[in-house]
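Here is how the chains run, residue by residue.
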Amino acid sequence: MIRRTAVIARVRNREILRRFGVQMAPRLSSSIALLADLDALRGIIDRVPHPIFVKDEEYRFVIVNAAMCELMGHSYEELVGRTDADFVPGEQADIFKANDRRVLDTGEINENEEVLSPAGEIRTIIARKQRMVLANGARFVVGCITDISGFRRAEAQIRFNAEHDVLTGLANRALLRERLQGAIDDDSANALRTGLLLIDLDGFKNVNDSFGHAAGDALLIEMAGILSALAGPHDIVARLGGDEFAVVQRGLAQPAASIALATAIIAATAKPMNLDSGQAVITASVGIADLTHGPADRETLMRRADLALYGAKKDGRNTWRLFEAGMEATHLLTRLLEDDLRKAIDRDELSLAFQPFVAAGDLSLRGFEALLRWRHPVHGHIEPSVFVPIAEQIGLIATLGEWVLRTALAEAALWPEALRVAVNVSPFQFGQMELPALVAATAARTGIDPRRIDLEITEPAVTADLARARRTFDVLQGMGARIVLDDFGAGSSSIELLRTLPFDRIKIDRSILSRVGDDPVANAVLGAILRLGSTLDFPVTVEGVETEAQLAVIRGEPCDELQGFLFGRPAPWSEWAAGIVLPAQRRA
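Conventions adopted
Residues numbered from 1 in each chain as written. Predicted model: local features only at pLDDT ≥ 70, side-chain atom pairs only at ≥ 80, totals over all residues. Heavy atoms only, no water. Helix = DSSP H or I, 4+ residues; strand = E, 2+ residues; numbered from the N terminus. Buried < 20%, exposed > 50% of the residue type's maximum accessible area, 1.4 Å probe, protein only. Contact = heavy atoms within 4.5 Å. Areas by Shrake-Rupley, 256 points an atom, 1.4 Å probe, with all protein chains shown as cover. Pairing = 2+ DSSP bridges. Core = buried A, V, L, I, M, F, W, Y, C linked by side-chain atoms within 4.5 Å. Expected span 1.5 Å × (residues − 1). Arc of directions from axis to C-beta. Axes fitted to C-alpha atoms, helices over the stretch in contact; angles between N-to-C directions. Left-handed = near helix turned anticlockwise from the far one by under 90°. Nonpolar A, V, L, I, M, F, W, Y, C, P; charged D, E, K, R; others polar. Polar contact = N/O pair within 3.5 Å; in protein donor to acceptor, adjacent residues only side chain to side chain. Salt bridge = Lys/Arg side-chain N within 4 Å of Asp/Glu carboxyl O. Parallel < 35°, antiparallel > 145°, perpendicular 65-115°, else oblique.

> Looking at this structure, how should I read the overall build of the protein?
The secondary structure content of the protein amounts to 24 helices and 21 strands. Relative to its full complement of 588 residues, the protein shows a buried share of 44%. In the protein, of all internal contacts separated by at least 6 residues, the share reaching a separation of at least 24 is 60%. Total accessible area on the protein stands at roughly 29,100 Å², and carbon and sulfur atoms take up 53% of it.

> I tried to follow the pairing of strand S2 (residues 61-64) on my own but got confused; where do I start?
The side chains of a regular strand alternate between the sheet's two faces. Two elements, strand S1 (residues 52-55) and S2, share three bridges in a ladder whose sense is antiparallel. Paired with valine 54 across the bridge in S2 is isoleucine 63. Between the antiparallel neighbours S1 and S2 lie five residues, among them tyrosine 59 with a positive phi of about 65°.

> I keep staring at the nonpolar core and nothing clicks. Help me out?
Note on soluble globular proteins: their nonpolar side chains tend to be buried together. Ranked by size, the top nonpolar core spans 74 residues in total, and within it Phe430, Phe503 and Leu562 carry the most contacts. Here the element with the most residues in this core is helix H15 (residues 397-412); it accounts for eight residues. If we ignore the near neighbours within four places in the chain, the residues touching phenylalanine 503 are Ile457, Val462, Phe473, Gln477, Ile483, Val484, Leu485, Leu497, Leu498 and Phe538. With 27 residues, the next largest nonpolar core counts Ala224, Val237, Ile265 and Met273 among its residues.

> Could you clarify how one ought to interpret helix H6 (residues 90-106) in this entry?
Side chains of residues three or four places apart in an α-helix project in the same direction, reflecting 3.6 residues per turn. Under the 1.5 Å per step criterion, the end-to-end length of H6 is 24 Å for 17 residues, consistent within 8% with the ideal 24 Å. By the burial criterion, the buried members of H6 are Ala93, Phe96, Asn99, Asp100, Val103 and Leu104. For H6, the arc enclosing every buried residue in end-on projection is 145°, short of the 170-degree limit, so these residues lie on one face. Exposed side of H6, more than 90 degrees from the buried face: Glu91, Asp94 and Thr106 are the residues found there.

> Is there a simple way to explain the packing of H15 against helix H17 (residues 435-446) in this structure?
Packed helices, taken two at a time, are described by the angle between their axes plus the distance between the axes. H17 packs onto H15 with a crossing angle of 30° between their chain directions and a minimal axis gap of 9 Å. Where H15 crosses over H17, the two elements pack in a sense that is right-handed. Two secondary-structure elements touch here, H15 through Glu402, Leu405, Arg406, Leu409 and Ala410 and H17 through Leu438, Val439, Thr442, Ala443, Arg445 and Thr446. Partitioned by chemical class, the residues of the contact of H15 with H17 number six nonpolar, two polar and three charged.

> Is there a simple way to think about the side chain of glutamine 249 in this case?
Relative to the helices and strands, glutamine 249 resides in strand S8 (residues 244-249). Here serine 258 takes part through its side chain, which lies 2.9 Å from a polar atom of the side chain of glutamine 249. The residues contacting glutamine 249, other than those within four sequence positions of it, are Arg193, Thr194, Gly195, Leu197, Asp235, Gln254, Ala257, Ser258 and Leu261.

> Is there a simple way to explain the pairing of strand S18 (residues 482-488) in this structure?
For S18, a buried count of five out of seven residues is recorded, marking the element as mostly surrounded by other parts of the structure. Bridge count between strand S17 (residues 453-457) and S18: four bridges; the pairing is parallel. Looking at S18, one finds that isoleucine 457 is bridged to leucine 485. When S18 meets strand S19 (residues 505-508), the two strands line up parallel, connected through three bridges. Note that in S19 the partner of leucine 485 across the bridge is isoleucine 506.

> Looking at this model, I keep getting lost on the pattern of salt bridges. Mind explaining?
When the charged atoms of two side chains with opposite charge come close together, those side chains can pair. Across all of its chains, the model carries 28 salt bridges by this definition. Arginine 406 serves as the salt-bridge partner of glutamate 402, at 3.7 Å between the closest nitrogen and oxygen. With glutamate 402 and arginine 406 both in helix H15 and four residues apart, the pair spans about one turn of that helix. Since its relative accessible area comes to 36%, glutamate 402 is described here as partly exposed. Salt-bridge contacts for arginine 420 lead to aspartate 454; the nearest nitrogen and oxygen are separated by 2.9 Å. Residue arginine 420 is found in strand S16 (residues 420-424), and its partner aspartate 454 is found in strand S17; the two are separated by 34 residues along the sequence. Taking relative accessible area as the criterion, aspartate 454 reaches 2% and is therefore assigned buried. Salt bridges linked by common partners bring Arg366, Arg420, Asp454, Arg482, Arg505, Asp560 and Glu561 together as one network.

> It is not clear to me how the packing of H17 against helix H19 (residues 466-478) should be interpreted in this structure. Could you clarify?
Relative to each other, H17 and H19 sit at 10°, their axes nearing to 9 Å. Classified by the angle their axes make, H17 and H19 are roughly parallel. The two elements H17 and H19 meet at a crossing, and its hand is right-handed. Across the interface between the two elements, Leu435, Pro436 and Val439 of H17 pack against Thr472, Val475 and Leu476 of H19.

Given below as structure tokens:
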């Protein structure tokens, strides 16, 4: 039976060869005889890894190799004698047929084609087809196929990676810029408005520092999910880098739609986020810009949204701000001040003013707080609330802090030894490991006793890394310097923080005193804070004392020191050295 099947196959093969015009000569060399046998020919082409086929003028498969069978998902016997129309959808078969006709008419084509794999996957191929004409005039289409699906997938992945953030899968800055301009062009043409929201996460650095970068990445991924869920189906959500995100709103009433989205983002972000290492609580600041202020390209809209975001951060974070025309003028002034601030030290434009603090009991002088001042040659006196954030933004805060420390200690070294000097230390400066060394070296150079130095820090300076803060406390307090928790009661200062770190003193923020005197509730709040300090055995300084009524309320509670305009306004040391009598000394 096997022998009979082989004979039948050989006869069929020879019939096929005759259609090609191949005549079987009685005396063929061994190699020609091998090729004359279609089974042997199939054995050769089956070893070629690329799909190979031959079709006749009726577009029927005459010869196919194993790779072609695999591509089509059918056996040799199923393919030979049949056309593409028997295996692929009619529309696709018509395309293949038209291409084959072009080969028969023109002689050769190279075409990119798509075929449906047996698994239902669309695969992209390059089909190289040539016309072959035999001696008897029969024409055939000879094709070789290269499957480039893998290359196309890799190419698509490379393109996706170039346009998307690897961590979150959101559009990146480059793709956002491209689509933002497209949105502006489309909306302008249709009398619609594009809204752009820039989102910055407040406190994200603390998450990285406290929980590790893996937790920070998890938080960014969750934030990407929040934004994607809140954005509309036609909106574009992007991560610009770090903890910065953006949303482009399209075709909606502005600025109302962007304000509604910003409000929703802030509310969703403020909820505790569950991470593997614990719960993280952050907030979001949002800057909004749209085409309300006239036509704009993407650069203008990005700049306006960034200015609005800066305004949100300046106004306390965890809020949104809409771009206003005056922001650009403010921004321009800020850029000018940045350059001037870098040169202010060399130009001798910086100075210190000293404000006294006194004993709560007899109002005797205890010392002075050093306050940085900047007199600009053109704009005159510039408030610290203006230039300190600029210094932080351009990385100059450490340089300014070092200048203040060096200058204040040099001045204080000339005072009577009973007086202390208080110096404010920024969170960035406190986080530097060389701060204790800087204090020690400056004290040694100026000759001041470190026990006369008060270093005033705010809560954000220590909460980012409590263990590191404790080590810094140990070194500074070991040399005799005091550490004061400044602005207590203004933010989220907690009793737990006072239990964790050994502060030498707490300083109640001036905002607590704003209504003290006539308001019984405000009086009660101040009293509660003062009694808390006494209970926890912390000496307390109250700043912002301006009226006799406030002083009377404070004196009814446990308090150690006082500071405020009632006892002296900040002034250069030369005025104090000239013998000006303190108001407190007049009343004592």
